[in-house]
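Listed here are the chains, written in short residue letters.
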Amino acid sequence: VIVEWSPSGTSDDMRIEANGSCVFLYTHDIPGDTGSFTIPAGALDAPESSKDETCDIDLEVTRSRSGSADPALDPESSVTLRHRRTSKFTSTPAAP
């Protein structure tokens, strides 16, 4: 599965998550914003009871950026911006 997004080319950290009723949660952290990521074939693992099922997969791409908290706040305060985009696709079992 090829996942592409824009804008890209920043130093922001990116995270890919894919989850559905017939697969285990898949996550991958991407240091830096490359604009695309390929979920390798076979990376979405299914429980034995779901190996032959087709289901919708929820896909989420999250961009994270750390910032500086207002000096009026507690000195231990922090700020992290997270921007999420979602999509869906259908997963089908691999042919034997």
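Heads up: these notes are all about the structure in this document.

About the criteria used
- Residues numbered from 1 in each chain as written.
- Predicted model: local features only at pLDDT ≥ 70, side-chain atom pairs only at ≥ 80, totals over all residues.
- Heavy atoms only, no water.
- Disulfide = S-S within 2.5 Å.
- Helix = DSSP H or I, 4+ residues; strand = E, 2+ residues; numbered from the N terminus.
- Buried < 20%, exposed > 50% of the residue type's maximum accessible area, 1.4 Å probe, protein only.
- Polar contact = N/O pair within 3.5 Å; in protein donor to acceptor, adjacent residues only side chain to side chain.
- Core = buried A, V, L, I, M, F, W, Y, C linked by side-chain atoms within 4.5 Å.
- Contact = heavy atoms within 4.5 Å.

1. A look at the state of the cysteines
Simply put, the disulfide is a covalent bond whose two ends are the sulfur atoms of two cysteines. Scanning the entire structure with this criterion turns up 1 disulfide. Residue Cys 22 pairs covalently with Cys 55 via a disulfide, S to S 2.0 Å. With the S-S bond torsion at -75°, the cross-link from Cys 22 to Cys 55 turns out left-handed. Of this pair, Cys 22 sits in the loop between β2 (13-20) and β3 (23-30) while Cys 55 sits in strand β5 (residues 55-67), and the two are 33 residues apart along the sequence. For Cys 55, a relative accessible area of 7% gives the class buried.

2. Details of the side chain of Arg 63
For Arg 63, the location among the structural elements is in strand β5. A polar side-chain atom of Arg 63 sits 2.8 Å from the main-chain carbonyl oxygen of Pro 7.

3. Some details on the nonpolar core
When a protein is soluble and globular, its nonpolar side chains tend to lie buried together. Of all hydrophobic cores here, the largest spans 16 residues; its most connected members are Val 3, Trp 5, Ile 16, Phe 37, Ile 39 and Leu 59. Looking at this core, the elements with two or more residues in it are β2, β3 and β5. Among the elements that make up this core, the one with the highest residue count is β5 (4 residues). Leaving out residues up to four positions away in the same chain, Ile 39 has contacts with Val 1, Val 3, Ile 16, Ala 18, Tyr 26, Leu 44 and Leu 59.

None of this, on its own, says anything about what the molecule does.
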